[in-house]
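Chains, contacts and geometry: an overview
The residues making up each chain are set out below.
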Amino acid sequence: MSQIRLLSPRLANQIAAGEVVERPASVLKELLENALDAGAQKVEVDVEEGGVRQIRVRDDGIGIAQDDMPLALSRHATSKIYTLDDLEGVATLGFRGEALASISSVSRLTLTSNSDAESMQGWSAQSEGRDMEVQILPAAHPRGTTVEVRDLFFNTPARRKFLRTEKTEFNHLEDVIKRQALSRFDVSFYLRHNQRGIHALRACKSQVDMERRIASICGPAFMESALFVDTETTGIRLWGWIALPTFSRSQADLQHFFVNGRVVRDKLVSHAIRQAYADVLFHGRHPAFVLYLELDPKIVDVNVHPTKHEVRFRDGRTVHDFLFRRLHGVLADVRPGDHGQPNMVQMPQQPPATPLQRGEFQGQASMGLQHVAETPNASQFVASYSSNNPSQAVIQDQLQSRQAFYQAAPPSLESQESEDVPPLGYAIAQLKGIFILAENEQGLIVVDMHAAHERITYERMKNALDGEGMRTQPLLVPQSMALSSKEVNAAEEFNGDLLALGLGVEVASEESILIRHIPVMLAQADVQQLVRDVLADLMTYGSTDRIQQQRNEILATMACHGSVRANRRLSIPEMNALLRDMEATERSGQCNHGRPTWTAMSMAELDKLFLRGQ
Ligand code: ADP
Ligand code: MG
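Within every chain, residues take consecutive numbers counted from 1 along the sequence as written. Chain letters start at A and ligand numbers start at 1, both assigned in the order the entries are written. Where totals are concerned, whole chains, interfaces and linings use all residues; where local detail is concerned, this predicted model gives features only for residues with pLDDT of at least 70, and gives and counts side-chain atom pairs only at 80 or more. Values reported for side chains reflect all heavy atoms of the structure, with hydrogen atoms and water molecules removed beforehand.

1. Some words on the overall build of the protein
Test applied: Secondary structure elements are defined from DSSP: runs of H or I of at least 4 residues count as helices, runs of E of at least 2 residues count as strands, and each element is numbered from the N terminus. Only protein chains enter the accessibility calculation, which uses a 1.4 Å probe; a residue is then buried when its area is under 20% of its type maximum, exposed when over 50%, and partly exposed in between. Residues are treated as being in contact if the distance between any of their heavy atoms lies within 4.5 Å. To measure how exposed things are, a 1.4 Å probe is used in the Shrake-Rupley method; for residues, cover is taken only from the protein chains shown.
If you tally the helices and strands in the protein, you get 19 helices and 22 strands. Counting only residues that meet the buried cut, the protein has 52% of its 614 residues in that class. Sequence separation of at least 24 residues holds for 73% of the intrachain contacts in the protein that already meet a minimum separation of 6. Within the structure as shown, the protein displays about 28,800 Å² of accessible surface, and the carbon and sulfur contribution to it stands at 51%.

2. A look at the site of ligand 1
What counts here: The cutoff for a nearby residue is simple: one of its non-hydrogen atoms must lie within 4 Å of the molecule or strand. Definition of a polar contact: a pair of N or O atoms within 3.5 Å, with one able to donate and the other able to accept a hydrogen when the atoms are protein atoms, and with sequence-neighbouring residues admitted only if both atoms are side-chain atoms. All amino acids are sorted into three groups, where Ala, Val, Leu, Ile, Met, Phe, Trp, Tyr, Cys and Pro are nonpolar, Asp, Glu, Lys and Arg are charged, and the leftover types, Gly among them, are polar.
As a structural note, the neighbourhood of ligand 1 is formed by 19 residues, with Asn34, Thr78, Ser79, Lys80 and Gly97 the closest of them. The backbone of Gly97 places a nitrogen or oxygen atom 2.7 Å from an oxygen atom of ligand 1. Here an oxygen atom of ligand 1 and a backbone polar atom of Leu100 are 2.9 Å apart. Elements with a contribution of two residues or more to the shell around ligand 1: helix 2 (24–37) and helix 5 (99–105). The residue makeup of the shell around ligand 1, split by class, is eight nonpolar, seven polar and four charged.

3. As for the sheet that holds strand 8 (residues 196–201)
Basically, it comes down to this: Pairing between strands is defined by DSSP: at least two bridges between the two strands are required. To get an axis, a line is fitted to the C-alpha atoms, and for a helix only the part in contact is used. The angle between two axes follows their N-to-C directions and goes from 0 to 180 degrees.
With respect to topology, eight strands assemble into an open sheet ordered 5-4-3-6-2-1-7-8, the strand pairing being mixed. A strand with exactly one partner marks an edge of an open sheet, and here the two such strands are strand 5 (136–140) and strand 8. The sheet shows a mean angle of 15° between the axes of neighbouring strands, direction not considered. Two strands pair when backbone bridges link them, and strand 2 (residues 54–59) and strand 6 (residues 144–150) are joined in this way by six bridges, in the antiparallel orientation. Bridge pairing links Gln54 to Arg150 in strand 6. Running over the sheet, helix 7 (residues 166–183) touches strand 1 (42–48), strand 2, strand 7 (188–193) and strand 8 and is turned about 175° from strand 7.

4. Topic: unusual backbone geometry
If you check the backbone angles, Asn260 has positive phi at about 50° while not being a glycine. Note that Asn260 resides in the loop between strand 11 (255–259) and strand 12 (262–263). Judged by relative accessible area, Asn260 falls into the partly exposed class, the value being 31%. At Lys432, a residue that is not glycine, the phi angle is positive and equals roughly 55°. Residue position: Lys432 is located in the loop between strand 16 (426–431) and strand 17 (435–439).

5. Concerning the packing of aromatic side chains
Defined as follows: Two aromatic rings from Phe, Tyr or Trp, using only the six-membered ring of Trp, form a pair when their centres are within 6.5 Å; if the ring planes differ by under 30 degrees the pair is stacked, by over 60 it is edge-to-face, and anything between is tilted. To sit over a ring, a charge needs its Lys NZ or Arg CZ within 6 Å of the ring centre and within 35 degrees of the ring normal.
Within the structure shown, the criterion is met by seven aromatic pairs. Note on Phe185 and Trp241: the rings are 6.3 Å apart at their centroids and 65° apart in plane angle, and the pair reads as edge-to-face. A residue pair is termed long-range when its members are at least 10 positions apart, and Phe185 in the loop between helix 7 and strand 7 and Trp241 in strand 10 (residues 236–243) qualify at 56 residues. Residue Phe185 shares its accessibility class with Trp241, and that shared class is buried. A connected cluster of aromatic rings, assembled from ring pairs, spans Phe185, Phe228, Trp239, Trp241, Phe258 and Tyr292. The lysine or arginine in question, Arg108, covers the ring of Phe154, its NZ or CZ lying 4.0 Å from the ring centre.

6. Considerations on the environment of Arg460
Within the secondary structure layout, Arg460 lies in helix 13 (residues 449–468). When its relative accessible area of 49% is taken as the criterion, Arg460 is described as partly exposed. With 99 residues separating them in the primary sequence, Arg460 and Ala559 have C-alpha atoms 9.3 Å apart. One polar contact links Arg460 to Asp581, side chain to side chain, over a distance of 2.9 Å.

7. Re the pattern of salt bridges
Here is the rule: Between Lys or Arg on one side and Asp or Glu on the other, a salt bridge is scored when a side-chain nitrogen of the former is within 4 Å of a carboxyl oxygen of the latter.
Counted according to the given criterion, the structure contains 29 salt bridges. Note that Arg23 is salt-bridged to Glu169, the shortest N-O span being 3.0 Å. You can see Arg23 sitting in the loop between helix 1 (9–20) and helix 2 and its partner Glu169 sitting in helix 7, a full 146 residues away along the chain. The closest approach of N and O atoms between Asp151 and Arg53, which form a salt bridge, is 2.8 Å. Placement of the pair is Asp151 in the loop between strand 6 and helix 6 (157–160) and Arg53 in the loop between strand 1 and strand 2, with a sequence separation of 98 residues. Accessibility expressed as a relative area gives 15% for Asp151, which makes it buried. Looking at Arg53, the relative accessible area reads 35%, which means it is partly exposed. If you follow the salt bridges from partner to partner, you end up with Asp279, Arg455, Glu459, Lys462, Glu586 and Arg587 in one network.

8. Some words on the confidence of the model for the protein
The criterion, for reference: Scored from 0 to 100, pLDDT reflects the predictor's confidence in each residue.
The pLDDT averaged across the protein works out to 81; a share of 84% of its residues lies at or above 70. With pLDDT under 50 throughout, residues 339–394 is counted as low confidence; its partners more than four residues away or in other chains account for 143 contacts. pLDDT under 50 marks residues 404–417. Its contacts with residues more than four places away, or in other chains, come to 35 contacts.

9. A closer look at a nonpolar patch on the surface
Selection criterion: Nonpolar side chains (Val, Leu, Ile, Met, Phe, Trp, Tyr) within 5 Å and like charges within 9 Å form the patches, drawn only from residues with over 30% relative accessible area and no salt bridge.
Taken together, Leu7, Leu11 and Ile15 make up a surface patch of nonpolar side chains, about 270 Å² in accessible area. Locating Leu11 in the fold gives a position in helix 1.

10. Thoughts on the packing of helix 10 (residues 267–277) against helix 16 (residues 527–541)
We count it as follows: Here the word oblique covers every angle except those under 35 degrees (roughly parallel), over 145 (roughly antiparallel) and from 65 to 115 (roughly perpendicular).
It is at 11 Å that the axes of helix 10 and helix 16 come closest, and there the two elements cross at 120°. The angle between the axes of helix 10 and helix 16 places the two elements in the oblique class. For the pair formed by helix 10 and helix 16, the contact residues are Lys267, Leu268 and His271 on the first element and Asp537, Thr540 and Tyr541 on the second. Across the contact of helix 10 with helix 16, the residue classes tally to two nonpolar, two polar and two charged.

11. Topic: helix 18 (residues 572–584)
Formally: Residue count minus one, scaled by 1.5 Å, sets the expected span of a helix. Here the arc refers to the set of directions running from the helix axis out to each C-beta atom.
With 13 residues, helix 18 should reach 18 Å at 1.5 Å per residue; the first-to-last C-alpha distance of 19 Å fits that figure. Listing the buried residues of helix 18 in full gives Met575, Asn576, Leu578, Leu579, Met582 and Glu583. All buried residues of helix 18 project into a common sector of 155° when viewed along the axis, lining one side. Exposed and facing more than 90 degrees away from the buried side of helix 18 are Pro573 and Ala584.

12. Some points on helix 16
For helix 16, built from 15 residues, the straight-helix expectation of 21 Å at 1.5 Å per residue is met to within 8% by its first-to-last C-alpha distance of 21 Å. Looking at helix 16, one finds that the buried residues are Val527, Leu530, Val531, Val534, Leu535, Asp537, Leu538 and Tyr541. Taken end-on, helix 16 shows its buried residues confined to a sector of 165°, consistent with a single buried face. Directly beyond the C-terminal end of helix 16, a positive phi value near 80° is found at Gly542.

Structure follows, in structure tokens:
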């Protein structure tokens, strides 16, 4: 009797389901992707009991023809690719042809669809986790598809045990729909839980609509401090919104990154973004962003992981470099003049948000957006003020109108933008030896003297050092260091990069190197650890910021000691000089730890404090 036997199709599907279907949220993700791939303009999601009892997704996409219905539920059956070449440039979210088969093997699934826009006559197929002989019955349905998944894991009790509370599962479901809604602004999304409307996100037809959708998904505070970015280089475009460093998070929970419309969590991408923020974020804080990377599908491999959450770039180093440089540049460009504090700037009169329409999907979270039946892809909305390096004026503009939208601020004082008064105004006094008080066009400016000076000193020291390259010194006795052969190869391959960083190393054997030179500023550092970490970075990302980071930490300490301490009396001209320095210094809106260096109170705010004009 043979020991090896073929798995039954059902068992094979259940095993495959282990990879794709972890919990209700993963079912929803697959169903939403199918709806979007079918060109849906409107997707309605109804869930019960955290999705365990039921998930129903209804779309108005192209639908499935009667003959295709059984195939849709079979494993390895897809309408999205036919050849290996198709896979290379795949533009749809799905392509593996296994989601419906997997889901139907661990639930009670009903697929109802109609591919004919002229009729209401559709077809319905049911499968109850049995082998896939499906019966196709007529069913009334407009063009589009409804997939209903009930009793998830009813036949796989072991999997069922891993499910969490209804609330937790629902939170995961909500995250999925939010992410998809961020990936396709041109599509309307509705979510109901236990008959209650949770989200009603109508299709966006302008950038303002897009920003409102983001505000309702990521919170208005994110949008208030977000900068719009749109930048490109040959064949790659990056656009979206990044939060100013002063809006940071204790967790990496407000980070949305899309590659060609696909939700992606990628090590290389997060590293590049973290690096761009490295100098302006307090240690342990996380930046917030909603970013879209668009590039030729042929240079991204999306078939890396069954849930397609990871991608592989053909030229990872270029992508990393592009992300880092462009975002770093935008962040460095933020100066006091741009940081219109709430209510500080003259608000342009904005049209009020459309009030929520009472509909069956009335959601409390989203703002009322008008439904548009046919809208182009999100990226086509992007306003024309994008450039490779957003100019100061652009940033200022953005922040001004942003605050107008998200703060619903009262009308502020008349402000004739005067040419003469600089953004941080002129010093009038010093408070307790700690704060500088200054007056500008809009009102009062308060500056944390020490924090501001520290940032300025730090930036100066960095610039001075960047200008002359990383100074290096020879070790009296070269250090021998044992490495893996892979690391030794990297040491050889990246020798030039290492030298530019001030590290002179030489291959000594297949598994060791000699360290001959180290950066002057890091003479006290643990050199071997440094070399190991730097090589690891170079091997993974093609670049490293460790040396710069360590150097910058030292500079930051030096800057802190070298800066005006509290309680030092400054003369008015000295204070004014500091204000002018701040305006001219990159990143001077935050101290080296990401805390704000200054704040402002407009006359309107002051008036409010004193109940004037009420
Ligand atoms: P994949 O998406 O990888 O092709 P699936 O198992 O998710 O595999 O779906 C199988 C096929 O069923 C799809 O290729 C598509 O032709 C069809 N299909 C699934 N969902 C829909 C839908 N909502 N609208 C139209 N066709 C669909
Ligand atoms: Mg699919």
